[in-house]
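Analysis of the macromolecular model
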Amino acid sequence: MLSIRQCDSIRIHMFASLIVAAVLCPRLSEAAEPDSSQRFRAGVARIEITDRNAGPVNDPCYAKALVLRSGATTAVLVTVDAVAIGEIGRIGQTFLPTVRGVVEKELGIPPTHVIVNASHCHGIVRADSAELVVQAIRDAAKSLVPVKVGVGVGHEDRISENRRLKMKDGSEIDMRRAYAMPKDEDVAGVGPIDPQIGLLRLDRDDGRTLAVLYNYACHPIMNPPSKGNSADFPGFASQVIEESYGPEALAFFVQGCGGDINPVRYKETSRPPDAEPLGNWLGLSVMRAARKIETKPQSELAVIHETLALPRGADLERRIAAIQEEQQRLLTALKPTNINFKTFVPMFLQQKLNPEYPSHFSQAYRHDEALGRRTILQLDADNRASVDAYLQNIQIMEHLTRLNTNLALLKLHLGQNQAALKPTLDVELVGLRVGDFRLITFPGELTVQVGLNIKKAANYPHAFVAGYTNGYIYYTPTVEQRNNTGYAQEDCDSLVAPEWQKLFETRALEILKRL
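In short, a report on the structure. Note that the structure is predicted; figures quoted are calculated from it, not measured. (Residues numbered from 1 in each chain as written. Predicted model: local features only at pLDDT ≥ 70, side-chain atom pairs only at ≥ 80, totals over all residues. Heavy atoms only, no water.)

1. Topic: the packing of aromatic side chains
To be explicit about the condition: Only Phe, Tyr and Trp rings take part, Trp by its six-membered ring, and two of them pair if their centres are within 6.5 Å. Stacked means planes under 30 degrees apart, edge-to-face means over 60, and tilted covers everything else. Numbering of helices and strands runs from the N terminus; a helix is a DSSP stretch of H or I covering at least four residues, while a strand is a stretch of E covering at least two. The classification of residues rests on relative accessible area computed with a 1.4 Å probe and restricted to protein chains. Under 20% of the type maximum is buried, over 50% is exposed, and intermediate values are partly exposed. In this scheme, the term charge over a ring applies when either NZ of a lysine or CZ of an arginine sits within 6 Å of the ring centre and within 35 degrees of the ring normal.
For the structure on display, the rule yields ten aromatic pairs. On the basis of an interplanar angle of 35° and a centroid distance of 5.4 Å, the ring pair of Phe437 and Phe464 is categorised as tilted. With Phe437 in strand β17 (residues 437–441) and Phe464 in strand β19 (residues 463–466), this pair connects stretches of sequence that are 27 residues apart. As far as the burial class goes, Phe437 and Phe464 line up, both buried. Chaining the aromatic ring pairs together yields one cluster made of Tyr214, Phe233 and Phe253. The side chain of Arg46 reaches across the aromatic face of Tyr62, ending 4.4 Å from its centre. Here the basic side chain of Arg438 rests over the ring of Tyr460, its NZ or CZ set 4.3 Å away from the ring centre.

Okay, structure coming up:
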C-alpha cells in the first residue's frame, strides 16, 4: 500500500505531464499543418485599359496581373491586350520602368521579377495604362491565397497559318494586307505553325480554379466585323475560358513565337474578317486540355533574369542597295501598251471566254477566211500582246509595292542602328518556373521556327517560349529568313544581325535547364 507521500509524488508527476502535453500539442499540430503563409500562393486581378475615346469598341482590352509567392520568392506576370511593351503603339518606353519602380517601392518585389507580355493585338489602350497595370498588381498582391499547381499541353491547328511563302526561285514572300499575293504558280510551299498550347493551371484548396495561363503562337490581327477596338481572338478565347470556370477565375494569354504566324485565311476577301470564331476554337481547345490537368501542392518558384547583347544588323545598307537595284530592273521591264484598265477587263474576259474567237462570232472569222483576209486575226494577236503586257505590268506593280513597303522598313532600322551608341542591342531574357512549368521570354517578334527549335532542344515536355515580353525590338527571324532575297516584313522589319538566333537559342536553353 502506497504512502501518502508516494501518492502525492504520483499526482505531481501526472499533473506535470498534463502541463507538458498541453504546451507541446499545439506545437505538434503546427508542425503537421504549416502556416498557410509559407505555402505556394497566388493572386489575380484584372483591369480594363481600353481607350473608349479612340472610336468604336467591339470588345474590351484588359491588363491582367498574376502574383506568385513561394517562401521568400515573389514573381509578377502581367498580360496586356496591346501591340507591344514600348517602341510602337500607345505603351511607351517609360511604361516598364514606371511599373517596376512603383511595384518595387510599394510591394518590395524586385524589378527583375516583374514580367509583362503583350498579346500583340492592335487594340488602342489608354494613355495611363502604366498606372492601371500597377493597380492590377496591387490588387493581385492583396488577394494571395494558397494554390495547387498543374501543367499541361493542348493542341490547336485550325486557327493559324504561316504567312511566309516559299517561292520556286528560293526566295520567300510574306502575306500581308499591305500588298498582293504572288502568282500561284510561283509558290513552292509554306512554312510551319506551332499548334501546341502551353498550359499552367492554379487551383484554390477547395478545387476552384484561380487562373489558367495559356501560351500560343499567332498574330492577333483578325479584326472583328465592326473593325472597332478589340483584343482580337485572345480576348474571345479568354472569355470562353473564364465563363467556363466561373467569375473568380482569370485566363492569361501569353503570346508565343507568332512573328510569322497569321490567323488562318487572313487574306480572304470573300467574307468579313472575324476574330470571334478563332477565339472560340482556341478557348475550347484550352478547356479540353486544362480539364485533364491534375493540380497538386508545389513550392518551386524561380525567376532568372539576364541581359543578352545581340549584334545589330551590319548589312542593311547592302540590302537596301539590292532592293533599289531590283526596283530599277522592274521599272525598266515595264512595257508600253495601248490599253488601260477600262479596256483591259473586257478584252481579258473575251480572251478567256473564247480563246479561239475572242473578238467576234465565229461567222466573222470564217467570212474573212473565205475572202483571204486576216483583219480579225491580226486584231486578236495585237490584243493578246496588249493584255500580256498589261498583266506583266500589274505583276511588276505588285512586286514593286512589296519592295517599296519593305525598303521603307530597312531604311527605318538603318537609321536606328546608325544612331545607336554601340553595335549591339541589349535585351532582357527571363526564365520563370512554376512547379513543372518553365517559360523563357524575349522582347522581339520571334518567328515560329525559333520556338520550335528551343522546345525540341530543351527536351522537356513543359518548356515554353514567349516573345513580345519586357520590351519590343521588332522582328527576330531565323538566319535563313533574315538572309531572304525576297524581302519580306520579318527580315526587313528587324534590327538584328543573322547571328542573333544562335546567341538567343543557346542562352535560352541554358536558362531553361537552370530553372
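2. Quick look at the sheet that holds strand β16 (residues 424–434)
The cut-off we apply is this: For two strands to pair, DSSP has to find at least two bridges joining them. Convention adopted: a line fitted to C-alpha atoms gives each axis, helices being fitted over their contacting stretch, and angles between N-to-C directions are expressed from 0 to 180 degrees.
With mixed pairing, four strands are arranged side by side in an open sheet as β15-β16-β17-β19. In this open sheet, the two strands that pair with only one neighbour each are β15 (301–311) and β19. Here the average twist between neighbouring strands, direction ignored, is 20°. Here β16 runs beside β17; their pairing, made up of five bridges, is antiparallel.

3. Things to note about the nonpolar core
Put simply, the rule is: Only buried residues count toward a nonpolar core, which is a set of Ala, Val, Leu, Ile, Met, Phe, Trp, Tyr and Cys residues joined through side-chain atoms within 4.5 Å. What makes two residues a contact is simply this: any of their non-hydrogen atoms within 4.5 Å.
Ranked by size, the top nonpolar core spans 32 residues in total, and within it Ile49, Val78, Val80, Phe95, Val99, Val116 and Ile137 carry the most contacts. Looking at this core, the elements that each hand over two or more residues are β1 (41–48), β2 (62–70), β3 (73–80), α2 (95–107), β4 (114–118) and α3 (129–142). Once you skip the residues sitting within four places of it in the chain, Val116 turns out to touch Val78, Val80, Ile85, Phe95, Leu96, Tyr468, Thr469 and Asn470. Ala84, Leu310, Ile473 and Leu512 belong to the second largest nonpolar core, which has 29 residues in total.

4. Concerning a negative patch on the surface
Rule in force here: A residue counts toward a patch only above 30% relative accessible area and without a salt bridge, and it is joined to like-charged neighbours within 9 Å or, for Val, Leu, Ile, Met, Phe, Trp and Tyr, to nonpolar neighbours within 5 Å. Working definition of accessibility: Shrake-Rupley area with a 1.4 Å probe, residue cover restricted to the visible protein chains. For this document, the term salt bridge refers to a Lys or Arg side-chain nitrogen within 4 Å of an Asp or Glu carboxyl oxygen. Only four residue types enter the charge count, namely Lys and Arg as positive and Asp and Glu as negative; His and the chain termini do not. Throughout, a charge is located at the NZ atom of Lys, the CZ atom of Arg, the CG atom of Asp or the CD atom of Glu.
Taken together, Asp169, Asp184, Glu185 and Asp186 make up a surface patch of like negative charges. On the secondary structure map, Asp186 appears in the loop between β8 (172–174) and β9 (187–190).

5. Quick look at unusual backbone geometry
With the exception of glycine, the majority of residues adopt a negative phi angle, and the majority of peptide bonds are in the trans configuration. Backbone geometry places His120, a non-glycine residue, at a positive phi of 75°. With respect to the helices and strands, the residue His120 is situated in the loop between β4 and α3. Taking relative accessible area as the criterion, His120 reaches 3% and is therefore assigned buried. One non-glycine residue, Asn470, lies in the positive phi region at around 55°. Mapped onto the elements of the fold, Asn470 is located in the loop between β19 and β20 (475–476). Residue Asn470 is classed as buried on the basis of its relative accessible area of 5%.

6. Quick word on helix α13 (residues 500–514)
For the record, the criterion: Multiply 1.5 Å by the residue count of a helix minus one, and that product is the helix's expected span. Directions are taken from the helix axis to each C-beta atom, and the arc is the one they span.
The end-to-end C-alpha separation of α13 is 21 Å, in line with the 21 Å expected for 15 residues at 1.5 Å each. All of the buried residues along α13 are Trp500, Gln501, Phe504, Glu505, Ala508, Leu509, Ile511 and Leu512. An end-on view of α13 places all buried positions within 165° of arc, on one side of the element. Exposed residues pointing more than 90 degrees away from the buried face of α13 are listed as Lys502 and Lys513.

7. Quick look at the packing of helix α10 (residues 448–458) against α13
Stated formally: The labels follow the angle: roughly parallel below 35 degrees, roughly antiparallel above 145, roughly perpendicular from 65 to 115, and oblique for the rest. Less than a right angle of anticlockwise turn of the near helix away from the far helix marks a crossing as left-handed, whereas a clockwise turn marks it as right-handed. Only Asp, Glu, Lys and Arg are considered charged, only Ala, Val, Leu, Ile, Met, Phe, Trp, Tyr, Cys and Pro nonpolar, and every remaining residue, Gly among them, polar.
Between α10 and α13, the least distance of the axes is 10 Å, while the angle of their chain directions is 40°. What the angle tells us is that α10 and α13 run oblique. You can see that α10 and α13 cross each other, and the crossing is right-handed. Counting all contacts with α10, which are made through Val450, Asn453, Ile454, Ala457 and Ala458, the residues of α13 involved are Trp500, Gln501, Phe504, Glu505, Ala508, Leu509 and Leu512. A per-class count over the contact of α10 with α13 returns nine nonpolar, two polar and one charged.

8. Focus: the packing of helix α4 (residues 232–245) against helix α5 (residues 276–290)
Between α4 and α5, whose axes approach to 7 Å, the crossing angle comes to 45°. One element, α4, and the other, α5, form an angle in the oblique class. Crossing geometry of α4 relative to α5 is assigned as right-handed. Judged by residue contacts, Phe233, Phe236, Ala237, Val240, Ile241, Ser244 and Tyr245 of α4 engage Glu276, Leu278, Gly279, Asn280, Leu282, Gly283, Leu284, Val286, Met287 and Ala290 from α5. Its residues assigned to classes, the contact of α4 with α5 shows twelve nonpolar, four polar and one charged.

9. Looking at a nonpolar patch on the surface
Where nonpolar side chains cluster on the molecular surface, the patch consists of Phe341, Val345, Leu349 and Leu353 and spans about 430 Å² of accessible area. With respect to the helices and strands, Leu349 occurs in helix α7 (residues 341–353).

10. Focus on the pairing of strand β12 (residues 250–255)
Among the six residues in β12, six count as buried, and that is most of the element. Every second residue of β12 is oriented toward a common face, with Leu250, Phe252 and Val254 on one face and Ala251, Phe253 and Gln255 on the other, all of them buried. Bridging between strand β11 (residues 209–216) and β12 involves six bridges; their strand directions are parallel. Of the residues in β12, the one forming a bridge with Ala211 is Leu250.

11. Let's talk about the sheet that holds strand β7 (residues 164–167)
Spatially, the three strands line up as an open sheet ordered β8-β7-β9, and their pairing is antiparallel. Here the strands that pair on one side only, and so sit at the sheet edges, are β8 and β9. Within the sheet, the average angular offset between the axes of one strand and its neighbour, ignoring direction, is 35°. Bridging between β7 and β9 involves three bridges; their strand directions are antiparallel. Bridging from a neighbouring strand, Leu165 pairs with Val190 of β9.

12. Examining the pattern of salt bridges
Where charged atoms from two side chains of opposite charge approach closely, those side chains can pair. With the rule as written, the count across this model stands at 29 salt bridges. Residues Arg265 and Glu161 are paired through a salt bridge, measuring 3.9 Å at the closest nitrogen-oxygen approach. Of this pair, Arg265 sits in the loop between β13 (261–263) and α5 while Glu161 sits in strand β6 (residues 160–162), placing them 104 residues apart in sequence. The salt bridge involving Arg164 is made with Asp491; its shortest N-O contact spans 3.0 Å. With a gap of 327 residues between them, Arg164 in strand β7 and Asp491 in helix α12 (residues 489–492) connect regions that are remote in the sequence.

13. As for the environment of Thr73
Within the secondary structure layout, Thr73 lies in strand β3. Under the relative-accessibility criterion, Thr73 is labelled partly exposed at 23%. Here the alpha-carbon distance between Thr73 and Pro110, two residues 37 residues apart in the chain, equals 9.7 Å. In contact with Thr73, not counting residues within four places along its chain, are Leu68, His113 and Leu301.

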